[in-house]
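Chains, contacts and geometry: an overview
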Amino acid sequence: MAEEHRHHHLFHHKEENERPSEVVYSESGYVQSGEGFGAYSQTAEVFESEPPVDYEREEKEHKHKEHLGEVGAIAAGAFALHEKHKAKKDPEHAHRHKLEEEIAAAAAVGAGGYAFHEHHEKKEAKHEAEEVEGKKHHHLF
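Quick caveat, the model's predicted, so the values are computed rather than measured.

What counts and what doesn't
Residues numbered from 1 in each chain as written. Predicted model: local features only at pLDDT ≥ 70, side-chain atom pairs only at ≥ 80, totals over all residues. Heavy atoms only, no water. Helix = DSSP H or I, 4+ residues; strand = E, 2+ residues; numbered from the N terminus. Buried < 20%, exposed > 50% of the residue type's maximum accessible area, 1.4 Å probe, protein only. Contact = heavy atoms within 4.5 Å. Areas by Shrake-Rupley, 256 points an atom, 1.4 Å probe, with all protein chains shown as cover. Salt bridge = Lys/Arg side-chain N within 4 Å of Asp/Glu carboxyl O.

Take the overall build of the protein next. Along its length, the protein carries 2 helices and 4 strands. Reading the helices (α) and strands (β) of the protein from amino to carboxyl end gives β-β-β-β-α-α. Buried positions account for 14% of the 141 residues belonging to the protein. Intrachain contacts of the protein at a sequence separation of at least 6 include 56% that bridge at least 24 residues. Taken as a whole, the protein presents about 12700 Å² of accessible surface, with 56% of it coming from carbon and sulfur.

Spelled out as structure tokens, the structure:
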């Protein structure tokens, strides 16, 4: 009875930066060394092949990240308003609530900036996809 071991390989996924390489062999030839002896040699060159870019997937990823940024901005903004309300209702701990309000407001601005960044990345991916398809943009101004 042979035991079968099944591994789930949670952390052994192929990374994105690992690309399959292509080996190209050149013709072999007779090479003579300086001592009068000769041998046949064959050279091989390894070329990195670029995987095709999936612009639709890239655009979809940026859209998803943009939405996450928007949700983060809304959540942090809501928390900032909540802390502002608590600062008014709890004067004993008002200083702490004001600090948390400021931190939440800064997080909301950061998340909004991230959403804005991803929006422009999405537009750029869409523009690149249109260029590959052959659509031309005529910018007059």
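Below, the discussion takes up the pattern of salt bridges. Applying the stated criterion to the full structure yields 3 salt bridges. Among the salt bridges present, the one from Glu66 reaches Lys122, with a minimum N-O distance of 3.1 Å. With a gap of 56 residues between them, Glu66 in helix H1 (residues 55–89) and Lys122 in helix H2 (residues 94–133) connect regions that are remote in the sequence. Like Glu66, the residue Lys122 is buried in the burial classification. Among the salt bridges present, the one from Glu100 reaches Arg96, with a minimum N-O distance of 3.1 Å. Of this pair, Glu100 and Arg96 both sit in helix H2, separated by 4 residues, roughly a single helical turn.

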